[in-house]
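Analysis of the macromolecular model
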Amino acid sequence: MVLITPRRSFNPALMPIKNNDTHWMAKAIQQAKLAQVNNEVPIGAVIVSNGELIAKAFNQPLTLSDPSAHAEIIALRQAGQHLNNYRLNGATLYVTLEPCIMCLGAMVHARIERLVYAAKDPKKNSLLTFEELASSLNHTMVIEGGVLANEASALLKNFFKEKR
C-alpha cells in the first residue's frame, strides 16, 4: 500500500518539514542545475539513508541516449551500488519534480521508504495513476510533496522558456 498526502487538502505551506527535507531538496536542486548546464530538462534527485547522502543524480536521457536515464533511476542505481543491494529499505528519495510512472515503479521495487518531491507535474499527474494502482502493490511508500516547490518550478519554467 502506498500512503500519499491527500491532494484535496494538500497545502505545502502547512506541511511539517521532516528530517532536514529542505536541506536534502536543496541538494536535489543543485543536481537539477547540473542537468540544465548539460542542456537536459532540469530535474535532480538525491537518496538519503540513515542521514547519509548515498546517491545524487540529474536527468541525462539526451546525453546518454537512454529513455530511462531519469534522475531518479540513475540515483537508484547509484544507491544500490553504494549499499551493494538493490533493496533500499529505509531510504528517502528527494526529487525536484513529481516522478513519472516508470520511476515510481522502480522506487517500489527498490523498497524506497519515503519519496519527497518539490514540484507537481500537472501534465502527467503520475501520482493519481499510481494511487489507483497502489492497492495491488506489496510495499508501503510515504509520498510527500511541495518542499522547495517554487525553486524547482522556476528552474523548469525558465528552462522551457529559453527553449521556446
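Just above, that's the structure.
Residues numbered from 1 in each chain as written. Predicted model: local features only at pLDDT ≥ 70, side-chain atom pairs only at ≥ 80, totals over all residues. Heavy atoms only, no water.

Quick word on the overall build of the chain
What counts, and what does not: Where helices and strands are cited, they refer to DSSP runs of H or I of at least four residues and of E of at least two residues respectively, numbered from the N terminus. We call two residues in contact when some of their heavy atoms are within 4.5 Å. What sets the accessible areas is the Shrake-Rupley method with a 1.4 Å probe; for residues, cover comes only from the shown protein chains.
When its secondary structure is counted, the chain shows six helices and six strands. Sequence-ordered secondary structure for the chain, helices as α and strands as β, is β-α-β-β-α-α-β-α-β-α-β-α. A fraction of 63% describes how many contacts in the chain between residues 6 or more apart in sequence connect residues 24 or more apart. Carbon and sulfur atoms form 53% of the exposed surface of the chain, whose accessible area is close to 8700 Å².

A look at the packing of helix α1 (residues 21-37) against helix α6 (residues 149-163)
Put simply, the test is: Axes here mean lines fitted to C-alpha atoms, for a helix over just the part in contact, with angles spanning 0 to 180 degrees between N-to-C directions. Oblique is the label for any angle not under 35 degrees, not over 145, and not in the 65 to 115 range, which are roughly parallel, roughly antiparallel and roughly perpendicular in turn. Under the scheme applied, nonpolar residues are Ala, Val, Leu, Ile, Met, Phe, Trp, Tyr, Cys and Pro; charged residues are Asp, Glu, Lys and Arg; polar residues are all the others, including Gly.
Two numbers describe how α1 lies on α6: the axes approach to 10 Å, and their chain directions differ by 5 degrees. Between α1 and α6, the crossing angle belongs to the class labelled roughly parallel. Together, Ile-29, Ala-32, Lys-33 and Gln-36 of α1 and Glu-151, Ala-152, Leu-155, Phe-159 and Glu-162 of α6 make up the contact between the two elements. A breakdown of the residues in the contact of α1 with α6 according to their chemical character gives five nonpolar, one polar and three charged.

Comments concerning the nonpolar core
Inclusion rule: We call a set of buried residues a nonpolar core when its members are Ala, Val, Leu, Ile, Met, Phe, Trp, Tyr or Cys and they connect through side-chain atoms within 4.5 Å of each other. Type-normalised accessible area, obtained with a 1.4 Å probe on protein chains alone, sets the label of each residue: buried when under 20%, exposed when over 50%, and partly exposed for intermediate values.
Membership of the largest hydrophobic core comes to 44 residues, with the highest contact counts inside it found for Ile-47, Leu-76, Leu-93 and Ile-112. Of all the secondary structure elements, the ones that give two or more residues to this core are α1, β2 (44-49), β3 (52-58), α3 (71-83), β4 (92-97), α4 (101-110), β5 (114-119) and α6. Residue contributions to this core peak at six residues, all from α3.

Side note on α6
Note the threshold: Expected span of a helix: the number of residues minus one, times 1.5 Å. The directions considered for the arc are those from the helix axis to the C-beta atoms.
Relative to the 21 Å expected for 15 residues at 1.5 Å per residue, α6 spans 21 Å between its end C-alpha atoms, a close match to the ideal helical length. The complete set of buried residues in α6 reads Ala-149, Ala-152, Leu-155, Leu-156 and Phe-159. Viewed end-on, α6 has its buried residues packed into an arc of 135 degrees, placing them on one side of the element. For α6, the exposed residues set more than 90 degrees away from the buried face come down to Asn-150, Lys-157, Lys-161 and Glu-162.

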